[in-house]
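Here are the chains, one letter per residue:
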Amino acid sequence: MTDHLDNDTDLTNVVISVLIVDDDEAHAQAVAESLVRIGCECTTANSGPKGIECIESENYDIVITDLKMDDVDGLTILRKTKEELPEAEVIVLTGYSSIHSAVTAMQGGAYTYLTKPLDIQELRNAVEKASTRIRLIRRNAALNRRLDERFGFEGVIGTSPSMNKVIEQLKNLAPTETTVLILGESGTGKELVARALHQNSPRKNKPFVPLNISALPESILESELFGHEQGAFTGAATRRIGKIEHANGGTLFLDEVGEMPMETQIKLLRVLEDRKITRLGSNEERSVNIRLVAATNAHLKEMMEEGSFRRDLYYRLSVVTISLPPLRERRGDIPLLIEHFLKEFCQRHQKEVQGVSRAARHALMSFDWPGNIRQLRNTIEGMLALDTDGLLDVDDLPDEISSLADGDGDEITLGVSSGADMMIGKPLRDVEAYYIARSLELTEGKREEAAKLLGIGERTLYRKIKEYGLKQ
Ligand SMILES: Nc1ncnc2c1ncn2[C@@H]1O[C@H](COP(=O)(O)OP(=O)(O)OP(=O)(O)O)[C@@H](O)[C@H]1O
């Protein structure tokens with residue numbers, strides 16, 4: 001565990017990417033060469049507008065910019081960097097005559113300024129100092145993330161073995177550029193998972209753009225995806241940027257990708273292969289840099305065999321697949337999810353409840369949840385709205401669920417402040433003991449089932465029950 005934590009948070013070897021914006025090409029090149037020698041990855045842009053293009057489409061840790069340039073000056077580059085890449089540090093280069101602008105740059109959030117002619121050693125020192133700061137910020141973020149991850153990942157809650165597997169996949173995939181295909185029934189959290197991937201990727205400061213293919217008539221889909229020029233077709237009164245261009249530098253999430261018409265599939269494949277798009281009604285190709293995450297409820301593999309989904313696109317999309325299990329196959333997560341949603345809605349609606357009664361919980365645990373987590377979430381919100389006595393009981397449940405209740409005991413089994421959040425900040429030992437006790441409670445003391453839920457062997461569970469002095 002400790003090793004794992006150290007490996008995850010040891011960022012000393014992370015390569016720092018640097019963008020150098022300078023209209024003096026030879027100077028930019030010399031700066032790049034001197035930084036490559038200390039292990040940086042450098043890109044040069046030989047004009048302000050090119051610099052802006054880079055900042056809009058790629059991620060950099062450090063931006064070094066000349067202050068005085070024609071068209072777009074260094075202060076604009078600084079402003080743009082702060083907007084697009086808030087975690088990046090900006091170093092400005094200035095002649096003695098424009099020290100005044102350098103001071104303005106510092107006030108605008110520049111990390112430091114260096115005067116020309118450049119002293120290479122001074123430049124390297126500044127870059128190394130900025131890199132140390134960037135690594136420190138990232139290390140803190142990684143440590144905080146690990147704390148969140150004890151019970152889930154970026155709002156994706158679950159401790160059942162199948163969700164643990166999903167969460168493990170998310171942690172490994174998030175920092176990569178890999179295309180991911182998410183499979184799962186409606187309401188199982190496909191969009192939530194796609195957002196979690198984006199939020200934990202180096203693209204997190206760029207847009208996450210979702211598009212539900214099934215919600216769009218075929219005629220509109222292509223213009224939504226690729227955009228169009230004014231007059232491209234009847235009704236195209238103005239120019240429109242498509243979702244792919246909007247997602248430039250970030251992540252495009254295509255939901256219900258199985259619904260995509262064949263002709264659009266070909267065009268999407270071309271975008272993924274060439275990283276270029278052409279707006280409808282235009283001949284001009286534009287470069288785009290997107291990470292694609294797609295999702296479907298359909299059996300894409302079967303569709304591919306039948307010929308209704310392109311084989312080449314299927315293989316492109318399914319580089320890695322994440323399968324989200326339906327809620328009925330991981331009932332062990334229901335109590336944790338109920339607590340999570342109760343807390344969310346109590347806060348949102350400024351209501352206080354003590355918790356859920358044992359009988360209501362039994363019904364909620366027994367129901368099959370065809371609408372999965374979305375349905376559970378809506379049910380909890382509805383129960384909270386109906387409740388008048390501060391205890392969510394069978395009478396607050398929708399009929400189809402309340403009929404599954406056994407008995408009407410109003411003993412509270414799920415409190416609002418119990419559960420995952422209550423455990424934050426507690427020693428891992430206590431967290432483990434809590435979850436073992438809860439799993440035994442859920443399985444009504446059946447050790448074999450509890451061990452399965454916890455993803456450990458029965459003997460290990462037995463040892464831990466004794467170690468923590470838990471009731472058997
Ligand atoms: N593991 C989870 N933990 C917490 N909340 C979840 C989880 N999974 C889903 N949710 C919540 O359930 C609701 C539905 O999730 P989401 O929209 O991501 O599902 P989906 O699979 O994309 O649905 P659809 O296929 O119908 O578009 C959202 O409010 C989401 O926040």
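Conventions and cut-offs
- Residues numbered from 1 in each chain as written.
- Predicted model: local features only at pLDDT ≥ 70, side-chain atom pairs only at ≥ 80, totals over all residues.
- Helix = DSSP H or I, 4+ residues; strand = E, 2+ residues; numbered from the N terminus.
- Buried ≥ 20, exposed ≤ 12 C-beta atoms within 10 Å, placed from the backbone.
- Contact = placed C-beta atoms within 7 Å.
- Pairing = 2+ DSSP bridges.
- Axes fitted to C-alpha atoms, helices over the stretch in contact; angles between N-to-C directions.
- Near = placed C-beta within 6 Å.
- Nonpolar A, V, L, I, M, F, W, Y, C, P; charged D, E, K, R; others polar.
- Domains from an automatic or database assignment.
- pLDDT = per-residue confidence, 0-100.
- Core = buried A, V, L, I, M, F, W, Y, C linked by C-beta atoms within 7 Å.
- Arc of directions from axis to C-beta.
- Parallel < 35°, antiparallel > 145°, perpendicular 65-115°, else oblique.

Per an unreviewed UniProt entry, the protein chain carries the name DNA-binding transcriptional response regulator and comes from Maioricimonas rarisocia.

A. Spatial organisation of the overall build of the protein chain. Tallying secondary structure elements over the protein chain gives 21 helices and 19 strands in all. Buried residues in the protein chain amount to 36% of all 472 residues. Long-range contacts, defined as pairs at least 24 residues apart, comprise 70% of the intrachain contacts of the protein chain with a sequence gap of at least 6.

B. Main features of the sheet that holds strand S5 (residues 112–115). Ordered in space as S2-S1-S3-S4-S5, the five strands form an open sheet in which the pairing is parallel. What marks the edges here is a single partner per strand, and that holds for strand S2 (41–45) and S5. For this sheet the average axis-to-axis angle between neighbouring strands, irrespective of direction, equals 20°. Pairing of strand S3 (residues 62–66) with strand S4 (residues 89–94), which is carried by five bridges, proceeds in the parallel orientation. Across the sheet, the residue bridging to Ile 62 is Glu 89, located in S4. Where helix H5 (residues 99–107) meets the sheet, its contacts fall on S4 and S5, and the angle it forms with S4 comes to roughly 175°.

C. Main features of the sheet that holds strand S8 (residues 180–183). Taken together, the five strands give an open sheet; going across it, the order is S9-S12-S15-S8-S16, and neighbouring strands pair in parallel fashion. One side of each edge strand has no neighbouring strand; the edge strands of this open sheet are strand S9 (208–212) and strand S16 (320–323). Neighbouring strand axes in the sheet, compared pairwise and without regard to direction, differ in orientation by 20° on average. Sheet topology places strand S12 (residues 251–255) next to strand S15 (residues 291–296); four bridges connect them, and they run parallel. By the bridge assignment, Phe 253 is partnered in S15 with Val 293.

D. Main features of the site of the ligand. Surrounding the ligand, one finds 18 residues, the nearest of these being Ile 157, Ser 186, Gly 189, Lys 190 and Glu 191. For the shell around the ligand, the secondary structure elements donating two or more residues are strand S7 (156–157), helix H8 (190–199) and helix H16 (372–386). The residue makeup of the shell around the ligand, split by class, is four nonpolar, nine polar and five charged. Residues from two domains meet in the shell around the ligand; each of domain 2 (175–325) and domain 3 (329–467) gives at least three.

E. How the structure looks around the confidence of the model for the protein chain. Model confidence for the protein chain is summarised by a mean pLDDT of 86, while 89% of its residues fall at 70 or above. Looking over the protein chain, one finds the lowest element-wise mean pLDDT in helix H1 (residues 2–9), namely 38, and the highest in S12, namely 97. With a pTM of 0.63, the predicted complex shows an ipTM of 0.98.

F. Examining the nonpolar core more closely. Among the nonpolar cores identified, the biggest contains 65 residues, and Leu 170, Ile 182, Val 193, Leu 197, Ala 360 and Ala 363 are the most heavily contacted of them. Taken domain by domain, the makeup of this core includes at least three residues from each of domain 2 (175–325) and domain 3 (329–467). Judged by nonpolar contacts, the second largest core, of 34 residues, contains Val 21, Cys 54, Leu 78 and Tyr 111.

G. View of the environment of Arg 310. One can find Arg 310 in the loop between helix H12 (300–306) and helix H13 (311–317). Through-space distance from the C-alpha of Arg 310 to that of Pro 261 is 9.9 Å; in sequence the pair is 49 residues apart. With residues up to four places along the chain from it excluded, the contact list for Arg 310 reads Met 262, Gln 265, Ile 266 and Leu 269.

H. Helix H3 (residues 48–57), seen in detail. Here H3 has its buried residues at Gly 48, Gly 51, Cys 54 and Ile 55. Viewed along the axis of H3, the buried residues span an arc of 115°, placing them on a single side of the element. Tucked inside the fold, the buried residues of H3 contact strand S1 (17–21), S2, S3 and helix H4 (74–84).

I. Examining the pairing of S12 more closely. Among the five residues in S12, five count as buried, and that is most of the element. Judged by which residues are buried, S12 turns out to be covered on both faces: Thr 251, Phe 253 and Asp 255 on one side and Leu 252 and Leu 254 on the other are all buried. Pairing between S9 and S12: five bridges, direction parallel. When the sheet's bridge partners are listed, Asn 212 is paired in S12 with Asp 255.

J. Broad picture of the packing of helix H20 (residues 447–454) against helix H21 (residues 458–467). Interaxial distance between H20 and H21 falls to 9 Å at its minimum, and their mutual angle equals 100°. The angle between the axes of H20 and H21 places the two elements in the roughly perpendicular class. Of H21, the residues touching H20 (which contributes Arg 447, Glu 448, Ala 450, Ala 451 and Leu 454) are Glu 458, Leu 461 and Tyr 462. When its residues are assigned to classes, the contact of H20 with H21 shows five nonpolar, no polar and three charged.

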